[in-house]
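Given next are the chains, with one letter for each unit.
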Amino acid sequence: MQQFDNASSGDIVFSLADRIIENRAYLSEIDGKIGDGDHGVNMAKGFGMAAERIKGADMSLAEALDTLGTVLMTEIGGSMGPLYGVMFIQFAETIEKAVQIDAGMFSAMLHNGLEGIQAIGSAKVGDKTLLDTLVPAIEAFDLANSDGKSFAESLNILVSAAEAGRDSTRDLVARIGRASRLGERSLGVLDAGATSCALILQSLALGVEAKLRPSA
Amino acid sequence: MQRFINNPDEVVEDTVKGFVKAHADMVRLGNGNPRVIVARHAPVAGKVGVITGGGSGHEPAFIGYTGRNMLDAVAVGELFSSPTAKSFLDAAREANGGNGVVCLYGNYAGDNMNVKMAIKLAAKEGITIATVVANDDVCSAGPDEREKRRGVAGEIFMWKCAGAKAEQGASIEEVQATAQRAIDNCRSIGIGLGPCTLPAVGHPNFQIAPGTMEVGIGHHGEPGVRVEPLKPAAEVAREMARIVLDDHGLASGTEVAIIVSGLGATPLNELYILHDTIETEITGRGLKIYKTYIGNYFTSLEMVGATLTVMALDDELKTLLDVDVHCPAMP
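Residues numbered from 1 in each chain as written. Chains lettered and ligands numbered in written order. Predicted model: local features only at pLDDT ≥ 70, side-chain atom pairs only at ≥ 80, totals over all residues. Heavy atoms only, no water.

In the nomenclature of an unreviewed UniProt entry, chain B corresponds to Dihydroxyacetone kinase subunit DhaK from the organism Rhizobium indicum.

Under an unreviewed UniProt entry, chain A has the name Dihydroxyacetone kinase subunit L and belongs to Rhizobium indicum.

Take a look at the structure:
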């Protein structure tokens, strides 16, 4: 069975933040088509502030996730602040006491994050939101895991499902948030939240995969 | 476009700094939170606090309405983006005189979520936050789905009436009910002629083609119900009045207050040109205009366009509207 150390894995979150900052212009461009174009700007601001605090510090994955979540929740605002803030804080709480993280715990972490989002937002799969990425990604990960696939293989499957979920938003009519005011005019464009969520999951999976080792 | 900006990522910080310096007699920064603006006199012991919050870029909304007989505190968000739950919470703390706080805000996903979280956090500290969500923008949803409509310039009337009511020593339930009645009596519409640009993005994120106008546009450029060829002001004004008044269905003889607000880049003279016809249309339906506000009351960066808000009045709302306020946006 594969697992990784919680301790000193905070750099995974640092890389994740970097990835969001790199995609600042891209995310705002997507958002601008059916929203107000500030998604990339706000995401980069929050993830950048968190990255400053994580940089060089020897943090566990839980501590780094909590740092990121708290910054988003208390300093960013918008829709993404509370949604991603609560997700990362719930991720952190799930793994807080763990020394090793295996696929089972990783799945519990994803589920708790999802539940946090669902507790404050009212979106469902198909509404053209980040849930269209997150929900199928978690389902695919769980399925791969229960099929006996390795942690690494399950992470790859999670990434593919997240990308497919993101792409599915192109053909959806927004039913929630600002883009919902556009009705049919929101068709044909990726959802910015679904896109940033795919980036987050890809980066998280990549970071974890690089740290995996067989359990003793 | 040329702008007066230091750093595109710090537009809000710099705005707030200048604002507080300019209006130090009326407002101050929140303790430990530079994203909260507080009325100089707040909190008043025993008085129900009245707060709001919203994205920046709508100046003088929201911060400009902080002051006596108006808002006790305002949570400040990024440009066009909801303030944090913590800022809403801090605004409530600053405004709380011991009898709770009413939070009056627009119907946007981010605000809904952040206010919801602030309510939970405040409850842990024994602060009750009651809310009223504005939904005066007629074109953002049909009459059967009024709860989905956006809050726009009608919020100003809601703040004004609730602020005056709270000042009279009303309970939290009474202030909430007054705010609810005020916004229920408001209908608004926006017409967009040109887009705006978020400084940090650098280009307009929506387009309004030359020679066309967007009817029913939101104040972040959310598209309206239709795009039409641009018409002379009188025709546009007639259309604005028609949309608002048809939705309102007010009986002849009803007294109303109106706001004709620019969206940031429309000169005052054009607002008066619109108002000339708007007034004729409203009085032509047998309505009486009790009070008129014309100016840049609720803007949208440098969007070209205007909004019309019509509020139906009863005796109490009239009295509350007449109460003098001392805040930067309404001298």
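Structure's up, so let's keep going.
Now, about the packing of aromatic side chains: what can you tell me, with residues and values included?
Scanning the entire structure with this criterion turns up 13 aromatic pairs over all chains. Here the aromatic rings of Phe4 of chain A and Phe151 of chain A are separated by 6.3 Å at their centres, their planes lie at 45 degrees, and the arrangement is tilted. Taken together, the residues Phe4 of chain A in strand 1 (residues 2-5) and Phe151 of chain A in helix 8 (residues 151-168) connect sequence positions 147 residues apart. Pair check on accessibility: Phe4 of chain A and Phe151 of chain A agree, each one buried. Here the aromatic rings of Tyr65 of chain B and Trp159 of chain B are separated by 5.4 Å at their centres, their planes lie at 45 degrees, and the arrangement is tilted. Residue Tyr65 of chain B is found in the loop between strand 3 (49-56) and strand 4 (73-79), and its partner Trp159 of chain B is found in helix 4 (residues 154-167); the two are separated by 94 residues along the sequence. For the residue pair Tyr65 of chain B and Trp159 of chain B, the accessibility class agrees, reading buried in each case. The ring centre of Tyr290 of chain B lies 4.8 Å from the NZ or CZ of Lys318 of chain B, which sits over that ring. (Phe/Tyr/Trp six-rings, centres within 6.5 Å; stacked < 30°, edge-to-face > 60°. Helix = DSSP H or I, 4+ residues; strand = E, 2+ residues; numbered from the N terminus. Buried < 20%, exposed > 50% of the residue type's maximum accessible area, 1.4 Å probe, protein only. Lys NZ or Arg CZ within 6 Å of the ring centre and 35° of its normal.)

How would you explain the interface of chain A and chain B if you had to name every residue and give the values?
With 27 residues of chain A at the interface, the matching set in chain B holds 33 residues. The interface formed by chain A and chain B includes three salt bridges. One salt bridge connects Glu78 of chain B with Lys45 of chain A, and the closest N-O pair in it is separated by 2.8 Å. Mapped onto the side of chain A that touches chain B, the elements with two or more residues apiece are helix 2 (24-34), helix 3 (39-54), helix 4 (61-76), helix 5 (80-95) and helix 6 (103-120) of chain A. Looking at the side of chain A that touches chain B, the element that brings in the most residues is helix 4 of chain A, giving four residues. Its residues assigned to classes, the side of chain A that touches chain B comprises eight nonpolar, eleven polar and eight charged. (Contact = heavy atoms within 4.5 Å. Salt bridge = Lys/Arg side-chain N within 4 Å of Asp/Glu carboxyl O. Nonpolar A, V, L, I, M, F, W, Y, C, P; charged D, E, K, R; others polar.)

Break down the environment of Ala144 of chain A for me, citing the residues and quoting the values.
Residues and elements named next belong to chain A. Among the secondary structure elements, Ala144 is positioned in helix 7 (residues 131-146). Among the residues examined, Ala144 registers a relative accessible area of 4% and is labelled buried. For Ala144 and Leu158, which are 14 residues apart along the polypeptide, the C-alpha to C-alpha distance reads 8.6 Å. Residues within four places of Ala144 in sequence aside, it is in contact with Lys149, Ser154 and Ile157.

Now, about the sheet that holds strand 10 (residues 255-262) of chain B: what can you tell me, with residues and values included?
Residues and elements named next belong to chain B. Taken together, six strands build an open sheet; the order of strands is 9-8-7-12-10-11 and the sheet is mixed. On the outer flanks of this sheet lie strand 9 (226-229) and strand 11 (288-295), each paired with one strand and no other. Each neighbouring strand pair of the sheet contributes to a mean axis angle of 20 degrees, computed without reference to strand direction. Helix 8 (residues 315-322) rests against strand 10, strand 11 and strand 12 (304-312) of the sheet, and its axis sits at about 35 degrees to strand 11. (Pairing = 2+ DSSP bridges. Axes fitted to C-alpha atoms, helices over the stretch in contact; angles between N-to-C directions.)

Tell me what's going on with unusual backbone geometry, and back it up with residues and numbers.
Across the junction of Ala42 of chain B and Pro43 of chain B, the peptide omega takes the value -5 degrees, indicating a cis bond. Looking at the element boundaries, Pro43 of chain B is found in the loop between strand 2 (33-39) and strand 3. Omega for the bond connecting Glu59 of chain B with Pro60 of chain B falls within 30 degrees of zero, at 15 degrees, which places this linkage in the cis form. Within the secondary structure, Pro60 of chain B sits in the loop between strand 3 and strand 4. With phi around 70 degrees, Lys128 of chain A is a residue other than glycine that occupies positive phi space. Residue position: Lys128 of chain A is located in the loop between helix 6 and helix 7.

Give a description of the side chain of Asn42 of chain A that names residues and reports values.
As for its placement among the helices and strands, Asn42 of chain A is situated in helix 3. We classify Asn42 of chain A as buried; its relative accessible area is 9%. Not counting residues up to four positions away in its chain, the partners in contact with Asn42 of chain A are Ile76 of chain A together with Glu78 and Ser81 of chain B.

Tell me what's going on with the UniProt feature "domain: DhaK" (unreviewed entry) in chain B, and back it up with residues and numbers.
UniProt marks residues 7-330 of chain B with the feature "domain: DhaK" (unreviewed entry), using the numbering shown here. With 33% helix and 25% strand, residues 7-330 of chain B has end C-alpha atoms that lie 29 Å from one another. (UniProt positions renumbered as here; feature names shortened; annotations may be inferred.)

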